[in-house]
Amino acid sequence: MTRPRLSSRAAEVLRLITDERAPVFLTVQGNGRRRWGCWQSGGRPVALPTDECDALYAAGRIVLGDPVVDRAKTMYRVRAAARGASRSARSALTA
């Protein structure tokens, strides 16, 4: 099965996710609001486009790590999915 071609915007997001120098996280607030972002050099947080990240996740191109939960939010480390990984193997995103 071949994967659909990525838009240039989605390809750039996936490139950022595969770059270990800028860790990418998904933050789910207590009210269900989701924010995808990464940390750039100098400790600056940068938001990533939610629609592109959601589409990459739904397509099985990215996976979420174990949740880190506090009172107000849950954070997940985001990584690129291994090539050939089953879509059913990824965890469900629940908000």
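Residues numbered from 1 in each chain as written. Predicted model: local features only at pLDDT ≥ 70, side-chain atom pairs only at ≥ 80, totals over all residues. Heavy atoms only, no water.

(A) A look at the overall build of the protein. In terms of helices and strands, the protein carries two helices and six strands. When the helices and strands of the protein are listed from N to C terminus, the series reads α-β-β-β-α-β-β-β. Looking at the protein as a whole, 31% of its 95 residues are labelled buried. Across the protein, every contact between residues at least 6 apart in sequence was considered, and the portion connecting residues at least 24 apart equals 52%. (Helix = DSSP H or I, 4+ residues; strand = E, 2+ residues; numbered from the N terminus. Buried < 20%, exposed > 50% of the residue type's maximum accessible area, 1.4 Å probe, protein only. Contact = heavy atoms within 4.5 Å.)

(B) Summary view of the packing of aromatic side chains. What the rule picks out here adds up to zero aromatic pairs. The side chain of R77 reaches across the aromatic face of F25, ending 5.8 Å from its centre. (Phe/Tyr/Trp six-rings, centres within 6.5 Å; stacked < 30°, edge-to-face > 60°. Lys NZ or Arg CZ within 6 Å of the ring centre and 35° of its normal.)

(C) Representation of the nonpolar core within the structure. Ranked by internal contacts, the top residues of the largest apolar core, which has 18 residues, are L26, W36, L48, I62, L64 and V78. Elements with a contribution of two residues or more to this core: α1 (8–18), β1 (24–29), β2 (34–40), α2 (50–58), β4 (62–64) and β6 (73–80). Looking at this core element by element, the count peaks at five residues for α1. (Core = buried A, V, L, I, M, F, W, Y, C linked by side-chain atoms within 4.5 Å.)

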